[in-house]
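A look at the structure
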Amino acid sequence: MKKYFLLPVFLLSSLLTYSQIPGASAQTKGKGEISGMVLTNEGGAGVEFATVSLSLEDQLIDGTITDEKGKFTLGGLIDGTYKLEVSFIGYEKIILEEIVMKDEKSIDLENIYLSGAATTLDEVTVTGQRAFIEEKVDRMVYNAEKDNLAKGGDAADILRKVPLLSVDLEGNVSLRGSSNIQVLINNKPSTIIASNIADALKMLPADMIKTVEVITSPSAKYDAEGSGGIINIITKKNNLEGYYLNVNTGVGLRGSNLGLNGSLRTGKFGMTLGGFGRAFYNKAEVDMEQMTLLGSTTNLTRQFSDASDDGLFGRYNLGFDYDIDETQFLSGGVRYGLRSFKRDELQTTELFSDDQLTNSSLRDINSKRYSGTIDFNLDYLKRFSPGHEFSVSTLYSRTDENSNFVSDNLNTDLSFINSIKNLNDNLNKEMTFQMDYVRPISDNQIWEVGGKGIFRTVNSDYSYEFATSEGVFTPDLTSPAGTLDYDQNVTAAYTTYTLSTAGKFTFKAGVRWEKTHIDAIQDEVSIDIPDYSNIVPSFNVSKNFKNFTTLKLGYNRRIQRPWLMQLNPNVNAQNSQNIQIGNPNLRPELADNIELGISKPIKNVYLNVSFFGRSTNNAINQVSYPIDSIPGAIVTTFENIGKEKSLGTNVFANITISKKWTINGGFDLLYSHLEGQVRGENGTTETATNSGWNYGGRLMSQYKLNGGWTIQAFSFMRGRRVQLQGSRSGFGMYSIGLNKDFNNGQGSIGLGAENFLNRGWNVRSELVSPTFSQSSNMLLINRNIKINFSYRLGKLDAQSTRKKTRSVSNDDLMGGGGNSEGMQQEGGTAQRSGNRGARPQTSKKEVKKKEKESNNN
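In this text the structure is predicted, and so the values were computed from the model without any measurement. (Residues numbered from 1 in each chain as written. Predicted model: local features only at pLDDT ≥ 70, side-chain atom pairs only at ≥ 80, totals over all residues. Heavy atoms only, no water.)

Sheets are built from strands that pair by backbone hydrogen bonding, the pairs being arranged parallel or antiparallel. Here three strands make up an open sheet; going across it, the order is β4-β1-β7 and the pairing mixed. The open sheet has two edge strands, β4 (71–77) and β7 (107–114), and neither has a second partner. The average undirected angle you get between the axes of adjacent strands in this sheet is 20°. With five bridges joining them, strand β1 (residues 32–40) and β4 adopt antiparallel strand pairing. Across the sheet, residue Gly 36 finds its bridge partner in β4, namely Phe 72. (Pairing = 2+ DSSP bridges. Helix = DSSP H or I, 4+ residues; strand = E, 2+ residues; numbered from the N terminus. Axes fitted to C-alpha atoms, helices over the stretch in contact; angles between N-to-C directions.)

This brings us to the environment of Asn 317. Assignment of secondary structure puts Asn 317 in strand β20 (residues 297–323). Residues Asn 317 and Gly 274 lie 43 residues apart in sequence; the distance between their C-alpha atoms is 5.2 Å. Once residues within four sequence positions are removed from consideration, Asn 317 is found in contact with Thr 272, Leu 273, Gly 274, Val 334 and Arg 335. (Contact = heavy atoms within 4.5 Å.)

We now examine the sheet that holds strand β3 (residues 59–65). Read from one edge of the open sheet, four strands run β3-β2-β5-β6, paired in antiparallel fashion. Each edge of the open sheet is held by one strand with a lone partner, namely β3 and β6 (94–101). Direction aside, neighbouring strands of the sheet carry axes that sit 20° apart on average. Where strand β5 (residues 80–87) lies against β6, six bridges are found, and the strand directions are antiparallel.

Here we come to the confidence of the model for the chain. Predicted confidence across the chain gives a mean pLDDT of 79, with 82% of residues reaching 70 or more. Throughout residues 117–130 the model reports pLDDT below 50, and contacts reaching past four residues in sequence, or to other chains, amount to 29 contacts. (pLDDT = per-residue confidence, 0-100.)

Taken together, Ile 657, Trp 661, Tyr 703, Leu 705, Trp 709, Ile 711, Ile 736, Leu 738, Phe 756 and Leu 757 make up a surface patch of nonpolar side chains, about 850 Å² in accessible area. Only β39 (709–718) and β42 (731–742) provide two or more residues apiece to the nonpolar patch. Mapping Ile 657 onto the fold places it in the loop between β36 (634–656) and β37 (661–679). The class of Ile 657 is partly exposed, set by a relative accessible area of 40%. (Patch = residues over 30% accessible without salt bridge, like charges linked within 9 Å, V, L, I, M, F, W, Y side chains within 5 Å. Areas by Shrake-Rupley, 256 points an atom, 1.4 Å probe, with all protein chains shown as cover. Salt bridge = Lys/Arg side-chain N within 4 Å of Asp/Glu carboxyl O. Buried < 20%, exposed > 50% of the residue type's maximum accessible area, 1.4 Å probe, protein only.)

Time to look at the environment of Ile 785. Along the chain, Ile 785 turns up in strand β46 (residues 784–797). Ile 785 gets classed as partly exposed once you look at its relative accessible area, which sits at 44%. Separated by 530 residues in sequence, Ile 785 and Gly 255 place their C-alpha atoms 9.3 Å apart. Other than its neighbours up to four places away in sequence, Ile 785 contacts Val 251, Gly 252, Leu 253, Leu 751, Gly 752 and Ala 753.

Structure (structure tokens):
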């Protein structure tokens with residue numbers, strides 16, 4: 001076993017041997033630093049991954065890339081006259097010469113602005129673009145706005161393409177094999193996410209997603225919720241002066257969509273609005289066989305189902321932001337999401353006892369799920385000085401949900417016999433108050449402190465009705481009925497400290513305290529769940545080597561509290577042989593996570609390799625067992641099974657084959673060991689264990705053609721998934737799309753095809769225990785061809801962009817150097833408005849001359 005743990009060390013040491021910049025000369029280490037911030041001339045946004053090269057006496061001695069804010073710091077410098085070059089694809093190169101360092105005093109170049117450039121190659125205009133995938137110290141970022149294939153889809157279609165994530169056919173998401181995660185939208189939670197992540201993703205249009213952040217090692221500033229990590233979905237926003245209105249629509253064999261969003265920004269006031277609706281229509285075929293052991297009798301159940309699904313999902317939003325003055329900013333918004341899902345299923349069931357057919361039934365099952373979610377938020381930010389901020393944010397969220405089904409028992413000639421109806425009304429409310437304070441201690445140190453209160457209420461009311469005449473229902477007093485009132489209050493406080501050193505180390509350490517109080521009443525009987533407190537530490541360190549190689553190490557502890565679907569005690573007998581029920585007695589699970597990662601450019605390849613381990617106690621998992629009162633039937637519920645340990649690796653790469661053609665992809669490999677208590681023979685409890693490999697991967701390619709045409713292809717594979725009582729097989733998908741931009745990028749039209757060579761997805765699952773076995777096979781028919789169209793109206797003024805923060809963000813502050821003050825800009829020049837550095841001022845004429853010489857070269 002030791003050789004498997006030595007393998008990561010060997011790979012890391014091998015990669016680090018290539019960490020020197022070619023041509024760099026050795027130098028005596030000093031104490032001086034040169035720092036600055038690289039911004040775009042169009043709007044003042046930070047330029048991430050810009051290349052910064054430093055030369056001394058015409059010898060290249062050091063280099064780095066800018067962080068997510070556009071910051072850079074070059075340390076260990078001696079006295080001398082330096083030359084600095086800043087470049088990024090699609091922008092004019094900036095050269096600053098005669099940067100004189102005396103007495104090894106640090107120099108802050110403040111803001112350096114890059115102007116956009118267009119270079120024509122074979123009649124193709126090449127402009128700067130962000131990579132699909134970016135790696136940061138505590139997270140991985142997928143730039144979804146570059147994904148043309150996702151147009152007309154929802155958030156689940158985007159997440160399938162994100163490294164580290166896996167999304168099943170129902171839209172359930174897992175991160176490195178764990179489905180116990182926290183999903184945020186623009187750094188904020190929502191009750192619809194707490195209720196059902198899969199349905200929440202269907203409400204969010206893919207076209208509105210800018211980036212997806214997979215935070216594998218969250219700092220103490222984030223809620224401790226989500227034992228597997230955090231997924232933060234960032235939607236598109238407009239920070240430019242003016243207005244725009246964008247309409248997008250799509251029609252396909254399996255779904256259609258219509259969206260409208262716009263923005264108005266003038267002076268101190270900005271407003272956004274949007275609406276999106278998506279309808280889908282699928283068919284499914286399910287075969288299931290399960291065997292249960294009751295004493296000496298073996299019961300065998302066989303089921304065959306044909307189903308059709310119809311759904312409608314929508315999301316609407318209205319937001320605003322207002323600058324009270326130069327240092328105070330206010331923002332807020334309201335969002336409404338709706339969900340309507342219907343399934344019509346014809347199900348045949350055959351029951352065998354000791355190989356003899358004892359019963360058969362035919363049922364017409366109509367299930368409906370409706371929900372409406374409304375979120376309100378109001379945020380305030382006070383900026384004392386650059387980087388020195390105090391913020392207050394509030395959020396109110398409410399989800400009303402109805403989940404009902406009607407199951408008609410039919411004769412073979414489809415005539416009516418009787419019917420049952422299940423009614424389940426759920427309410428989920430959440431109120432959040434949060435305060436954060438950020439204080440730079442020096443140019444390379446940041447201190448953060450804050451507090452938070454979350455007040456949640458969950459209500460569930462369920463009952464059954466029975467009908468002997470078609471459509472005439474009366475309460476069924478013999479079937480399960482009841483209520484659940486569940487209040488959960490979480491109080492939290494945190495502090496973090498960030499230090500960046502001249503040796504290109506960045507340390508971020510923090511601790512978070514959370515106290516949870518629960519009041520739960522089921523059927524007017526109190527459930528005894530004691531209060532509990534948790535100390536949640538986190539630690540991240542990264543080291544930037546030469547040649548842009550980055551090594552990082554992170555540790556954190558996470559909590560996973562049960563969510564509504566897991567708590568809901570409604571007895572869902574939609575399938576009479578496969579009954580589902582929640583467990584309001586669930587306790588939270590605790591997970592310790594550690595990861596080690598390295599990222600490195602190798603010629604035209606950007607490679608990232610990470611190794612991780614996770615140990616979970618009190619793990620929440622699904623368990624199944626037979627029902628004595630219903631021959632052949634099993635019940636599935638959630639329980640704190642015991643322990644779960646995982647060890648795995650993620651590898652992904654961006655490959656730039658040419659300026660027109662890029663490929664990115666990767667694979668995930670995870671070994672899991674689960675151990676927990678399950679029901680054995682005669683109702684006794686016994687220990688069950690299961691271990692195995694989980695795997696998955698994805699591959700995407702984009703090629704830019706002449707005349708605004710782009711072609712993209714994508715493939716995804718999710719392998720076998722190990723569960724405590726068995727496993728679930730994997731599935732794969734693929735798609736290809738062609739997109740055309742017209743009218744200077746204001747409009748686009750595209751054609752896409754998904755799974756066009758197959759009838760659909762085929763997924764098989766197997767469960768085994770001492771008292772039952774189950775195997776099922778589901779075919780989801782989803783072959784699809786779609787046409788998408790979008791067009792944008794309006795006028796945006798980049799030069800009038802307001803460069804002030806207007807809303808609260810949970811983005812962690814990483815990298816060295818302090819924030820810079822406002823700068824003046826003109827054309828492609830880089831001119832400082834102050835002279836805090838030690839070098840002489842360079843005139844605009846001199847800078848323009850050097851830019852011209854650089855461009856000619």
